[in-house]
Amino acid sequence: MTEVEGWAAELESVFARVAGRFGRADLRWRMRDYVRGLLAPVGRKNGWQLAEYAGHRDPAGLQHLLNGARWDADAVRDDLRQYVGERLGPDGVLIIDDTGFIKKGTASAGVSRQYTGTSGKIDNCQIGVFAAYATGHGRALVDRELYLPKSWTKDRERCREAKIPDERTFATKGELARGLVRRCLAAGLPAAWVTADEAYGQDWSFRRQLEQLDVGYVVAVPKSQQIKSLAGFWRIDQLIEEAPADAWQTLSCGDGAKGPRVYDWAAAKLPANIIFDPDPPTHHRWVMARRSLSDPSELAHYLAYAPVGVEVGELARVASSRWAIEECFQAAKNQCGLDQYEVRRYVGWYRHITLAMLAHAFLAATAHQVREKGAAPMGQPGQSSSQWRRFGDSWQPVVPDRRTFVTAEDDTTP
């Protein structure tokens, strides 16, 4: 009973935090009913079933909350983000990814036939780009943007019918992701790192923005990712293939659903970029690879940017934290109805998604409270034709002048 009372008090504190965003008392009560319904064991969290759970005669009041009432979903998102930062603590990882919402018809804002990892194929769906925040205390979604394909943004009449603002023009998923990162860091979310999958990691503009914001990153990239210097080009997979055996080390990346997640990792520091980096540099760039212990042909490739002195084990931990956002998607969809909305308009999507994120953040904070009460040395390389060499306690690919090593996308290279 004491624990249940504590959970109820925590939920009341969440409601109190966002109550000021709803100017009328009836809207505040509808918001409370909606979030309680999202947290409840309701079969499908649509308007009728949520209204029935709340004791309403019909879903009109909850539908008005999403589609017609006057309140700012972005302001609630700001409160949510601050709540997550406070409850989960500092020095976390900001994770960027997208997820799909399978839909029928053509009227829902942004819906189109497009690829989504939700079904693993091209499907009729909406795509949301999300940011999650993860620490050792838990993980929760903290921001979101709806992706609008060009087929929508070029058809302004269609946009007006879906209540999409005229100022909302086409933006790639990468551009949406950069906006999420800027917003989260500017708002003071205490993230020490950013990570993302290769869809975002291969974007030089995304990585460069993180460097300009002075935040470390470990991002996945495709095996075809190019690394460039005045000495030539390398594909990252070819560079990793040249890593000597003792450049690999076995590291645990924490516990997963099936126990400890252990992989082999190889990492090499890249020489400073004389165009972008101060002298002496405050950060190092790295190339990294993760190799499966059971199937050595199974490799994942990464680029990293980390403060001087950071060790490979920490980079591996950050890289592995990317899966936390997948767990957020799964929990928010299964437990909080993130994908069970029936709204079609642009504003309705943002309002439902924000309230579902708020419900999920409460679960993350409560889970942390419950948990609180209840947590091989490298050898010297032999003679080899590999361009990998050890410098101190780390590896580097050797080029004639290490200071000239730059990223492939730097078009200022002669």
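Residues numbered from 1 in each chain as written. Predicted model: local features only at pLDDT ≥ 70, side-chain atom pairs only at ≥ 80, totals over all residues. Heavy atoms only, no water.

> Even after reading the chapter, I still don't get the overall build of the protein chain, so can you show me in this structure?
Scanning the protein chain from terminus to terminus reveals 14 helices and 15 strands. As displayed, the protein chain offers around 19,300 Å² of accessible surface, 49% of which is attributable to carbon and sulfur atoms. (Helix = DSSP H or I, 4+ residues; strand = E, 2+ residues; numbered from the N terminus. Areas by Shrake-Rupley, 256 points an atom, 1.4 Å probe, with all protein chains shown as cover.)

> Explanation requested: the packing of helix H4 (residues 60–67) against helix H14 (residues 346–373) in the structure shown.
As a packed pair, H4 and H14 sit with axes 7 Å apart at the nearest point and diverge in direction by 105 degrees. If you check the angle between H4 and H14, you find them roughly perpendicular. In this structure, H4 contributes Leu65, Leu66 and Asn67 to the contact, and H14 contributes Val347, Gly348, Arg351, His352 and Leu355. Tallied by class, residues from the contact of H4 with H14 come to four nonpolar, three polar and one charged. (Axes fitted to C-alpha atoms, helices over the stretch in contact; angles between N-to-C directions. Parallel < 35°, antiparallel > 145°, perpendicular 65-115°, else oblique. Contact = heavy atoms within 4.5 Å. Nonpolar A, V, L, I, M, F, W, Y, C, P; charged D, E, K, R; others polar.)

> Would you mind going over the pairing of strand E5 (residues 191–196) with me for this structure?
Residues in a regular strand project their side chains so that they alternate between the two faces of the sheet. Burial within E5 is extensive, with five of its six residues counted as buried. Where strand E1 (residues 92–102) meets E5, five bridges bridge the pair, whose relative direction is parallel. Bridge pairing in E5 places Val93 opposite Trp193. Here E5 pairs with strand E6 (residues 216–221) via four bridges, running parallel. When the sheet's bridge partners are listed, Trp193 is paired in E6 with Gly216. (Buried < 20%, exposed > 50% of the residue type's maximum accessible area, 1.4 Å probe, protein only. Pairing = 2+ DSSP bridges.)

> Could you clarify how one ought to interpret helix H13 (residues 323–336) in this entry?
An α-helix turns once every 3.6 residues. As a result, residues three or four positions apart point the same way. Over its 14 residues, H13 extends 19 Å from the first C-alpha to the last, a length consistent with the 20 Å expected when each residue adds 1.5 Å. Of all the residues in H13, the buried ones are Ala324, Ile325, Cys328, Phe329, Ala331, Ala332, Lys333 and Cys336. Among the structural elements, helix H2 (25–39), E1, strand E3 (121–135), strand E4 (138–147) and H14 are those in contact with the buried residues of H13. (Expected span 1.5 Å × (residues − 1).)

> Can you walk me through the packing of aromatic side chains in this structure?
Each aromatic ring pair is described using two quantities: the centre-to-centre distance and the angle formed by the ring planes. Inspection of the entire model under this criterion finds 13 aromatic pairs. With centroids separated by 6.1 Å and ring planes inclined at 85 degrees, the aromatic side chains of Phe101 and Trp349 adopt a geometry described as edge-to-face. A residue pair is termed long-range when its members are at least 10 positions apart, and Phe101 in strand E1 and Trp349 in helix H14 qualify at 248 residues. Trp349 shares its class with Phe101; the two are buried. Three or more aromatic residues link up through ring pairs in this structure, and these residues are Phe101, Phe130, Phe329, Tyr341, Tyr346, Trp349 and Tyr350. Positioned above the aromatic ring of Trp323, the side-chain terminus of Arg322 is 4.5 Å from the ring centre. (Phe/Tyr/Trp six-rings, centres within 6.5 Å; stacked < 30°, edge-to-face > 60°. Lys NZ or Arg CZ within 6 Å of the ring centre and 35° of its normal.)

> It is not clear to me how the pairing of strand E11 (residues 283–291) should be interpreted in this structure. Could you clarify?
A large share of E11 lies buried, amounting to eight of its nine residues. Here E11 pairs with strand E12 (residues 299–307) via nine bridges, running antiparallel. Following the sheet pairing, His284 is matched in E12 by Ala306.

> Even after reading the chapter, I still don't get the environment of Cys253, so can you show me in this structure?
Mapped onto the elements of the fold, Cys253 is located in strand E9 (residues 248–256). With 67 residues separating them along the chain, Cys253 and Ser320 place their C-alpha atoms 6.2 Å apart. Dropping the residues within four chain positions of it, Cys253 is found in contact with Arg261, Tyr263, Trp265, Ala316 and Ser320.

> Even after reading the chapter, I still don't get helix H8 (residues 173–186), so can you show me in this structure?
Given a rise of 1.5 Å per residue, 14 residues ought to cover 20 Å, and the 20 Å separating the end C-alpha atoms of H8 matches this to within 8%. Along H8, the residues classified as buried are Gly174, Leu176, Ala177, Arg178, Gly179, Leu180, Val181 and Cys184. Just past H8, the residue Gly188 takes up positive phi, approximately 90 degrees.

> Can you help me understand unusual backbone geometry in this one?
Most peptide bonds are trans, and most residues other than glycine sit at a negative phi. Omega for the peptide link from Asp279 to Pro280 comes to 0 degrees, which places this bond in the cis form. Of note in the backbone geometry, Asp91 takes a positive phi value of approximately 60 degrees without being a glycine. In this fold, Asp91 is placed in the loop between helix H5 (73–88) and E1. Accessibility expressed as a relative area gives 56% for Asp91, which makes it exposed.

> Is there a simple way to think about the confidence of the model for the protein chain in this case?
Do not read the fine detail of predicted coordinates wherever pLDDT is low. Per-residue confidence for the protein chain gives a mean pLDDT of 88; residues scoring 70 or more make up 86%. Overall, residues 399–414 carries pLDDT values under 50, and its contacts beyond four positions in sequence, including any with other chains, amount to 44 contacts. (pLDDT = per-residue confidence, 0-100.)

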